[in-house]
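Examination of the molecular architecture
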Amino acid sequence: MKRDITWQSKYDAIWTFVSENHRGPSRHHLEEKRILNWLKYNRKMLNKGVLSPEKTDLIMRLRAYIASFNRINQYM
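Attention here is on the structure that accompanies the text.

Positive phi, close to 55°, is recorded for His22, a residue that is not glycine. By the element assignment, His22 lies in the loop between helix H1 (2–21) and helix H2 (33–48). In this structure His22 comes out as partly exposed when scored by relative accessible area, which is 48%.

We now examine the packing of H1 against helix H3 (residues 53–67). It is the contact of H1 with H3, at a shortest axis distance of 11 Å, that shows an interaxial angle of 10°. As summarised for this structure, H1 and H3 are arranged roughly parallel, according to the angle between their axes. Crossing angle aside, the handedness with which H1 passes H3 is left-handed. Here Asp4, Trp7, Gln8, Tyr11, Ile14, Trp15, Val18 and Ser19 of H1 lie close against H3, whose contacting residues are Lys55, Leu58, Ile59, Arg61, Leu62, Tyr65 and Ile66.

Attention now moves to the environment of Pro25. Summarising the element assignment, Pro25 is placed in the loop between H1 and H2. With 25 residues separating them along the chain, Pro25 and Val50 place their C-alpha atoms 23 Å apart. Not counting the four nearest positions on each side in its chain, Pro25 is found in contact with Phe17, Glu32, Ile35, Leu36 and Leu39.

The rules behind the values
- Residues numbered from 1 in each chain as written.
- Predicted model: local features only at pLDDT ≥ 70, side-chain atom pairs only at ≥ 80, totals over all residues.
- Heavy atoms only, no water.
- Helix = DSSP H or I, 4+ residues; strand = E, 2+ residues; numbered from the N terminus.
- Buried < 20%, exposed > 50% of the residue type's maximum accessible area, 1.4 Å probe, protein only.
- Axes fitted to C-alpha atoms, helices over the stretch in contact; angles between N-to-C directions.
- Parallel < 35°, antiparallel > 145°, perpendicular 65-115°, else oblique.
- Left-handed = near helix turned anticlockwise from the far one by under 90°.
- Contact = heavy atoms within 4.5 Å.

Here it is in C-alpha cells:
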C-alpha cells in the first residue's frame, strides 16, 4: 500500500512540473534528473508490460500530456 501512495505522489509531482513548465523533465538540469529517471523507469516497465492497468493508463495520459507541448514545425 505504501508503494502505491509513493508512486502516486511522484506521478502528481511530475504532472505539476509539466503543468508549470509546459515541457517534460530534461536530462540537462540536475534538479530534474530524479523525476526524469522515475519517468524513464516507468516507461520501461510499461513497455515490458509489468505495470498494473491503472498505472498504465496514468502513464499513457502523462505521455500524451507531455507530447501536447511539443512544438510542431509550421513549414512542413
